[in-house]
Amino acid sequence: MKKWAVAVTAVLLLLSGCNDKEKANGPKKPEKEEVEEVIQEEIENELPYHYPLTGVGSETKTDERAVAVMINNHPKARPQSGLNKADIVYELLAEGDVTRFLAVFQSEKPGNMGPVRSARDYYIDLAKGLDALFIAHGYSEEARELLESDFVDNLNGMVYDGTLFKRASFRDAPHNSYITYENVLKGAKEKHYSMNQSPPGFQFLSEEESKSVTGDEARSVMISYSSTGVFNSTYEYDESIGKYKRYSDGDQTIDYESKEPILLDNLFIIETSHKVIDDVAHKEIDLQSGGSGYLLQKGKVMEVEWKNDNGLIVPIRDGKVVPFVQGKTWVNVVPSNPGLQSSVTFNVK
């Protein structure tokens, strides 16, 4: 603000000194040097830091570690706690047609998070790519092997049930395990995990660039995961606020405690190979090979490719990374069989 005050004072003095001449000769156009000074002042007054997972500016450093939490999406676990504070959420099939969320927190710190559910190896890979502390309650056999080998720093409810993880009285197991952000930090300290390293960041549009997003109109979109619709995800663009609202099986996704809605700036939908690997329909999901996708921003959609860039799943078009709009992102992963064309419907009623 001091820099702006100096700039405004200088301009006022200049105008005052030229007042008599302007009366005689008309208003004087600003000199090139004056315009350049104002532009430089604007650049210098941008916020000095930006959150790596949202691109949002900050006056303070943004180098805290990300926390990635496995969140239950069973109907008996809805509405969940903490999703409205997540920078980015990944939604994938856990078994059968049941989806589960990996909610990643860095710019905002939720109070309560949950219900927390068991891990799968591909969720762990996503957390690893963000260098996040991974939080889950339980695991598949493949996930257990990764966690016990210290592939990623983690806290698990199988070890801390009743201590760091608490059971809610208003829900039945296994849909009642919760952890607070305070207990995450407590557990990290106990295990000597560093919480100071910033995650790798995504590329973002400036606020001005976001006004010029192009693509086909996509005011709403539905991603089909189940024939019954219980795990289908629908998003509707609210032009009045410039964000997407999310729905599960027709019900709006809100926070359990605050009742605040989930509001999103980017929807990134990708398809990839899914393979059933056991008799309980656990899956092997390919998050390495890349493939087709859709990116929705500002009520518009463009066809993109997706790429795993050193652990980050990013949209690609014409060989270049497509930046996100600043804000929160939801990533939906669907099986390549039946694929995007069959799983994704635009402009639904």
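The shown structure was predicted, so the numbers you read here are calculated from the model rather than taken from an experiment. (Residues numbered from 1 in each chain as written. Predicted model: local features only at pLDDT ≥ 70, side-chain atom pairs only at ≥ 80, totals over all residues. Heavy atoms only, no water.)

**Details of the overall build of the protein chain**
Thought 1: Broken down by element type, the protein chain carries eight helices and 25 strands.
Thought 2: For the protein chain, with 349 residues in total, the buried portion stands at 48%.
Thought 3: For the protein chain, restricting intrachain contacts to residue pairs at least 6 apart in sequence, the fraction spanning at least 24 positions comes to 63%.
Thought 4: Counting only carbon and sulfur atoms, one obtains 49% of the accessible surface of the protein chain, whose full area is about 17400 Å². (Helix = DSSP H or I, 4+ residues; strand = E, 2+ residues; numbered from the N terminus. Buried < 20%, exposed > 50% of the residue type's maximum accessible area, 1.4 Å probe, protein only. Contact = heavy atoms within 4.5 Å. Areas by Shrake-Rupley, 256 points an atom, 1.4 Å probe, with all protein chains shown as cover.)

**A look at the sheet that holds strand E6 (residues 112–113)**
Thought 1: Across the sheet, three strands lie side by side as E6-E10-E9; this open sheet has antiparallel pairing. Only two strands of the sheet have a single neighbouring strand rather than two, namely E6 and strand E9 (165–167).
Thought 2: Along the sheet, helix H6 (residues 181–190) makes contact with E6 and strand E10 (177–180), crossing E10 at roughly 75°. (Pairing = 2+ DSSP bridges. Axes fitted to C-alpha atoms, helices over the stretch in contact; angles between N-to-C directions.)

**Concerning the pattern of salt bridges**
Thought 1: Under the counting rule described, the total for this entry stands at 15 salt bridges.
Thought 2: In this structure, Glu91 engages Arg246 in a salt bridge whose closest nitrogen and oxygen atoms are separated by 3.0 Å. Residue Glu91 is found in strand E4 (residues 88–95), and its partner Arg246 is found in strand E14 (residues 243–248); the two are separated by 155 residues along the sequence. Pair check on accessibility: Glu91 and Arg246 agree, each one buried.
Thought 3: Connected via shared salt-bridge partners are Arg65, Asp131 and Asp153. (Salt bridge = Lys/Arg side-chain N within 4 Å of Asp/Glu carboxyl O.)

**Quick word on the nonpolar core**
Inside soluble globular proteins, nonpolar side chains tend to come together where they are buried.
Thought 1: Grouped together as the largest cluster of nonpolar side chains are 44 residues, with contacts concentrated most on Ile135, Leu296 and Trp330.
Thought 2: Broken down by element, this core gets its largest block of residues, four residues, from strand E5 (residues 98–105).
Thought 3: Residues in contact with Leu296, not counting those within four places in the same chain, are Ala218, Val221, Tyr244, Asp265, Asn266, Leu267, Ile269, Val301 and Phe346.
Thought 4: In this structure, Leu130, Ala143, Leu287 and Trp306 belong to the second largest nonpolar core, which totals 40 residues. (Core = buried A, V, L, I, M, F, W, Y, C linked by side-chain atoms within 4.5 Å.)

**As for the pairing of strand E24 (residues 329–335)**
Each regular strand carries side chains that alternate between the two faces of the sheet.
Thought 1: E24 sits mainly inside the fold: seven of its seven residues count as buried.
Thought 2: Across four bridges, E4 lies against E24 in parallel orientation. In the sheet register, Tyr90 faces E24, and the bridge partner there is Val331.
Thought 3: Pairing of strand E17 (residues 266–272) with E24 involves seven bridges; the strand directions are parallel. When the sheet's bridge partners are listed, Leu267 is paired in E24 with Trp330.

**Quick word on the packing of aromatic side chains**
Thought 1: On inspection of all chains with the given rule, the structure shows nine aromatic pairs.
Thought 2: Where Tyr122 meets Tyr123, the ring centres are 5.1 Å apart and the plane angle is 35°; that geometry is what we call tilted.
Thought 3: Ring geometry for Phe170 versus Tyr178: centroids 6.0 Å apart, planes at 50°, classification tilted.
Thought 4: What links up through ring pairs into an aromatic cluster is the set Phe202, Phe204, Phe268 and Phe324.
Thought 5: The positively charged end of Lys259 is found above the aromatic ring belonging to Tyr256, 4.8 Å away from the centroid. (Phe/Tyr/Trp six-rings, centres within 6.5 Å; stacked < 30°, edge-to-face > 60°. Lys NZ or Arg CZ within 6 Å of the ring centre and 35° of its normal.)

**Considerations on empty space enclosed by the protein**
Gaps left between atoms show up when a probe the size of a water molecule is rolled over them.
Thought 1: In this structure the tally under the stated criterion is one cavity of 30 Å³ or more.
Thought 2: Within this model, the largest cavity holds a volume of roughly 30 Å³.
Thought 3: As for the largest cavity, its lining consists of Asp125, Leu126, Leu287, Gln288, Asn308, Gly311 and Ile313.
Thought 4: Of the residues that constitute the lining of the largest cavity, the class distribution is three nonpolar, three polar and one charged. (1 Å grid on protein atoms, 1.4 Å probe; cavity = no way out; pocket = protein on both sides within 12 Å on 5 of 7 lines; lining within 4 Å. Points joined across faces, edges and corners; volume = space filled by probe spheres on them. Nonpolar A, V, L, I, M, F, W, Y, C, P; charged D, E, K, R; others polar.)

**Here's the deal with the environment of Lys283**
Thought 1: Turning to its location among the elements, Lys283 is positioned in strand E19 (residues 283–285).
Thought 2: Linking Lys283 and Ala94, residues 189 residues apart in sequence, is a C-alpha distance of 6.9 Å.
Thought 3: Not counting chain neighbours up to four residues away, the residues in contact with Lys283 comprise Leu93, Ala94, Glu95, Gly96, Asp121, Tyr122, His274, Lys275 and Ile277.
Thought 4: Within polar-contact distance, the side chain of Lys283 engages the backbone oxygen of Gly96 at 2.9 Å.
Thought 5: Within the structure, the side chain of Lys283 is placed 3.2 Å from the backbone oxygen of Ala281, a separation counted as a polar contact. (Polar contact = N/O pair within 3.5 Å; in protein donor to acceptor, adjacent residues only side chain to side chain.)

**Some thoughts on helix H3 (residues 121–129)**
Thought 1: Along H3, the residues that are buried comprise Tyr122, Tyr123, Ile124, Leu126, Ala127 and Gly129.
Thought 2: The first or second residue beyond H3 is Asp131, which carries a positive phi of 50°.

**Section: the environment of Phe204**
Thought 1: Tracing the backbone shows Phe204 in the loop between H6 and helix H7 (207–210).
Thought 2: Ignoring anything within four residues of it in the chain, the contact list for Phe204 reads Tyr51, Pro52, Leu53, Thr54, Gly55, Pro323, Phe324, Val325 and Gln326.

**What about the side chain of Glu95?**
Thought 1: Of note, Glu95 is situated in strand E4.
Thought 2: There is a polar contact of 2.4 Å between the side chain of Glu95 and the side chain of Arg120.
Thought 3: The residues contacting Glu95, other than those within four sequence positions of it, are Arg100, Arg120, Val280, Ala281, His282 and Lys283.

**So, the pairing of strand E3 (residues 67–71)**
Thought 1: Burial of E3 is extensive: five of the five residues sit out of reach of the surface.
Thought 2: Of the two faces of E3, the one carrying Val67, Val69 and Ile71 and the one carrying Ala68 and Met70 are both buried.
Thought 3: Examined bridge by bridge, E3 and E5 share five bridges and lie antiparallel to one another. Note on E5: the bridge partner recorded for Met70 is Leu102.
Thought 4: As paired elements, E3 and strand E7 (residues 133–136) share three bridges and run parallel to each other.

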